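# What the coordinates show
Listed below are the residues making up each chain.
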Amino acid sequence: MTSPAELLALAPLALVAGLAMLVIVVDMIRPGRDSLVTAVAVIGLVAAIVVTALVWTTGTRELFDGAYVRDDLTNFLDLLFLSIALLTILFSPDYLRPRALPMAEFASTLLFAISGAMLLGASRDLLVLFLGLELLVLPGYMLAGFAKRDGFSTEGAIKYFLLGSFSSAILLFGLALTWGYTGSTRVTDVASYLEGVVAGNQALSPALVMGLALLTTGAAFKIAAVPFHYWTPDAYQGSPTPVTGYLSVGPKVAAFALILRLFVEALSPLKGDWVAIVVVLAALTMTLGNLVALTQDNIKRMLAYSSIAHTGYILVGLAAFAASPRGSEAERAGLFGLLFYSLAYAFMNLGAFGVVAALQRRPGVTSQISSFSGLGRRALGPALLMTLFLLSLTGIPPLAGFFAKAYVILPALQAGGVWLPLLAVIAVLNAAAAAFYYLRVIIVMFVQDPPENAAGVSTGRAMGVGLAATAILTIVIGVVPTFVDITQRAANALLAPL
Amino acid sequence: MAEVIFFIAAIGVIGGACGTVMLRNAFYAVLALVGHLLSLAALFLLLRAEFVAAAQVVVYAGAVMVLYVFVVAYVGGMGQPLAGSGTNLRGLSIVFAAILLVEFLIAILGSGLTQIDTEGRGFFPGFGTPAEMGRLLLTKFLLAFEAASFLLLVAFARANGNQEGQIFAIIVMVVAACEVAVGLGMIVAIFRRRLPVDVDELRELAG
């Protein structure tokens, strides 16, 4: 049975789950006090971040018979998810209040989703992985349709829901087949069974191969890799802007956590077989995402396609891991690149959507790129912040995005063979092509004249704090060694023997 | 006797699933789904999964289907038969479905047929009963059990010789019920916005 000292390892997850319910209770006692709810959520999340940092010092622990593990990766992911939730909550009052959308429901739904992401990142059991995933995505559907009276929001939500639950079913089918033919739901047992297959002790049954194919499809849906990306642009464009910011980073990083636990931990003995799929997916995802983003006139839709392209870059790190021989330095570097890219991407992308949300504080401001025209003269602060985030997304040194791209492309070059260096070249070409559409927004902001009736942009206090924090993180992540350090530890935890 | 029941239930499962997809009238589609789920419960019984079979009937065929019927009645299933638009994609979807079917047949024929005339692994007395399920849920699968109950809270706010597979089925049932609640809520929201209920006609967002 689990001892009280071990239960401490569950504290971050329990805090967030409790906070989600506390927010509802606070709203019941004092209905409609949005600033109170925001304060409770922010204080609770900061407390959870502190607790996670403290729990990190207690080392690795396994709970529930190995179903839940708190290792360096869990702690890294927990801190990332908590920061994403914190920033999203800081960005949302400015957008929600003018549209009379309830803050308490928004905050608690978001916190439920984040607790799902934290469960997902920490689980070494197929069933718990699936539950964490569902706990993550179900509130996500609700958030996408949060503006109930807005037809776009509802339409985006139902499309997200239908494809999301369809892909969950595919993933579940894969999990069931994997369980059925390996005999256990524990990630460690699945890995040792597959080790046996590779060593030639057991035959690889066709149904298990089918299961792995279904797992790949399901995971590709969740990270929005081409050709499984169709839900992304509609869901992102339709959702309320702070929700779009969250959807573009939270579920994506969590889906990569699923890939780390499932493909890197459980299925790594077979990595020589699935590396080809990852290489093809990465190349398609980067190229198509960037090409379609070039033609978009709506900033949310453009950033949606750009987020698809970034999925491709992150997959390059996974491909570098899978193509490298076991125990090699390139293998470690590939995983490090994947994690570091997720970290950098989360903050720069969230920041870009934060500025869009700030601009849309007055209802009626559309998310067309023309809304940004002359922003440099109307509101210099937001325009400079947007420039910072877009430059980081482009990959301009010394911002976070540059280091992230370097850390996924270099291992791909080191991995050897023909295909991985080719993938690295494709990634570099894509980064260059992406500069066009990011710079286009910057030109619209600083070169075009503002429209005649355009007003300035005013931001609330929460929004200001959130944007400042995101901007500082975007600048320092690449240059302050602490971030590289914790990412390195998380990557090492994945390669430690199970 | 078991074989006869198996084939009747199997035909019910496949027929019900086809009916759910193909029937134009939403009420009939829901009825076909009920038939599908009841046949599935019979299959569970044949596999000695008594608890899962009972839960299947109570949760799916009972509670979840009532939700469906309510929504169909609210949205008006009789009045507007679902349009058969999107014909250019229909051919493509049939091709993909056929490819998937072939893949599954290869996978199943390659893995499962060796055991078709055997009795399967042995089972102990009490296998699949509610008491056994409860013991497993509160010991080996405690975390999954608690996470599933937490998921339920969200929805309200808005063959190996072991029994793990039955736990799988129960957990999935909870998840699916939550998904149904969220999805049907969205359908109602769409209806109140007077948008088309037929998904193929939802085309305001495109580009």
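Each residue is numbered by its place in its chain's sequence as written, counting from 1. Chains carry letters and ligands carry numbers; both start at the beginning, A for chains and 1 for ligands, and go up in the order they are written. A pLDDT threshold of at least 70 governs which residues receive local features in this predicted model, and a stricter bar of 80 or more applies before side-chain atom pairs are shown or counted, although totals over entire chains, interfaces and linings include all residues. Each side-chain value is derived from all of the structure's non-hydrogen atoms; neither hydrogens nor water enter the calculation.

Let us now look at the overall build of chain B. When its secondary structure is counted, chain B shows 7 helices and 0 strands. A run of H or I in DSSP counts as a helix once it spans at least four residues, and a run of E counts as a strand once it spans at least two, with each numbered from the N terminus. When the helices and strands of chain B are read in sequence order from the N terminus, they spell out α-α-α-α-α-α-α. Classification of the 207 residues of chain B by burial places 37% in the buried group. For each residue, the accessible area found with a 1.4 Å probe, counting protein chains only, is set against the maximum for its type, and the residue is called buried under 20%, exposed over 50%, and partly exposed in between.

All names here are of chain B. With 21 residues, helix α2 (residues 26–46) ought to run about 30 Å at 1.5 Å a step, and its terminal C-alpha atoms sit 31 Å apart, in line with that. Within α2 the residues assigned to the buried category are A29, V30, A32, L33, V34, H36, L37, S39, A41 and L43. Residues of α2 that are buried make contact with α1 (2–22) and α3 (50–75). In the segment just after α2, R48 is the residue with positive phi, at about 60°. In this analysis, the expected span of each helix is defined as 1.5 Å times one less than the number of residues it contains. We call two residues contacting when some pair of their heavy atoms lies within 4.5 Å.

Glancing now at the pattern of salt bridges. Salt bridges are counted wherever a side-chain nitrogen of Lys or Arg sits within 4 Å of a carboxyl oxygen of Asp or Glu. As enumerated under the stated definition, the model contains 17 salt bridges over all chains in all. Taken together, the shared-partner salt bridges connect E62, D71, R124, R261 and E265 of chain A into one network.

What follows covers the confidence of the model for chain B. All names here are of chain B. The predictor reports its confidence for every residue as pLDDT, a score running from 0 up to 100. Scored by pLDDT, chain B has a mean of 71; 59% of the residues are at 70 or more. Note on residues 156–161: pLDDT under 50 across the span, and 11 contacts to partners over four residues away in sequence or across chains. Two numbers describe this predicted complex: its pTM, 0.88, and its ipTM, 0.74.

All names here are of chain A. As for its position among the elements, S92 is in helix α4 (residues 72–96). Pairs of N or O atoms within 3.5 Å make up the polar contacts considered here, provided that, within protein, one atom can donate a hydrogen while the other can accept it, and that residues adjacent in sequence are counted only when both atoms are side-chain atoms. At a separation of 3.0 Å, a polar atom in the side chain of S92 contacts the main-chain carbonyl oxygen of I89. Ignoring anything within four residues of it in the chain, the contact list for S92 reads M103, F106 and P242.

By the element assignment, A100 of chain A lies in the loop between α4 and α5 (103–122). Note: C-alpha distance between A100 of chain A and P251 of chain A (151 residues apart in sequence) is 26 Å.

Residues and elements named next belong to chain A. Note on geometry: axes are C-alpha line fits, over the in-contact stretch for helices, and angles between N-to-C directions span 0 to 180 degrees. The interhelical angle for the contact between helix α16 (residues 380–394) and helix α18 (residues 419–446), taken along N-to-C directions, is 175°, at an axis separation of 9 Å. The orientation of α16 relative to α18 falls into the category roughly antiparallel. In this structure, α16 contributes L380, A383, L384, M386, T387, L390, L391, L393 and T394 to the contact, and α18 contributes A431, A435, Y438, L439, V441, I442, M445 and F446. Grouping the constituent residues of the contact of α16 with α18 by class yields 15 nonpolar, 2 polar and no charged. Convention used here: angles under 35 degrees read as roughly parallel, angles over 145 as roughly antiparallel, angles from 65 to 115 as roughly perpendicular, and any remaining angle as oblique. For this classification, the nonpolar set comprises Ala, Val, Leu, Ile, Met, Phe, Trp, Tyr, Cys and Pro, the charged set comprises Asp, Glu, Lys and Arg, and every other residue, Gly included, is treated as polar.

What follows is about the packing of aromatic side chains. Residues and elements named next belong to chain A. Pairing of aromatic side chains here covers Phe, Tyr and the six-membered ring of Trp, requires ring centres within 6.5 Å, and sorts the geometry by plane angle: under 30 degrees stacked, over 60 edge-to-face, intermediate tilted. Scanning the entire structure with this criterion turns up 16 aromatic pairs over all chains. A ring pair is formed by Y160 and W231, whose centres lie 5.1 Å apart and whose planes are at 20°; its orientation type is stacked. Remark: W231 occurs in helix α10 (residues 231–238) and Y160 occurs in helix α7 (residues 151–182); sequence separation between them is 71 residues. Using a relative accessible area of 9% as the deciding quantity, one classes W231 as buried. When the ring of F263 is compared with that of W274, the centres are 5.5 Å apart and the planes differ by 85°; the resulting orientation is edge-to-face. Residue F263 is found in helix α11 (residues 241–266), and its partner W274 is found in helix α12 (residues 271–294); the two are separated by 11 residues along the sequence. Comparing F263 with W274 shows no difference in burial state: the two are buried. Grouping aromatic residues by their ring pairs yields a cluster made of Y141, Y160, F161, W231 and Y236. Cation placement over rings: the criterion is NZ of Lys or CZ of Arg within 6 Å of the ring centroid and within 35° of the ring normal. Stacked on the ring of F321, the Lys or Arg K271 has its end atom at 4.4 Å from the ring centre.

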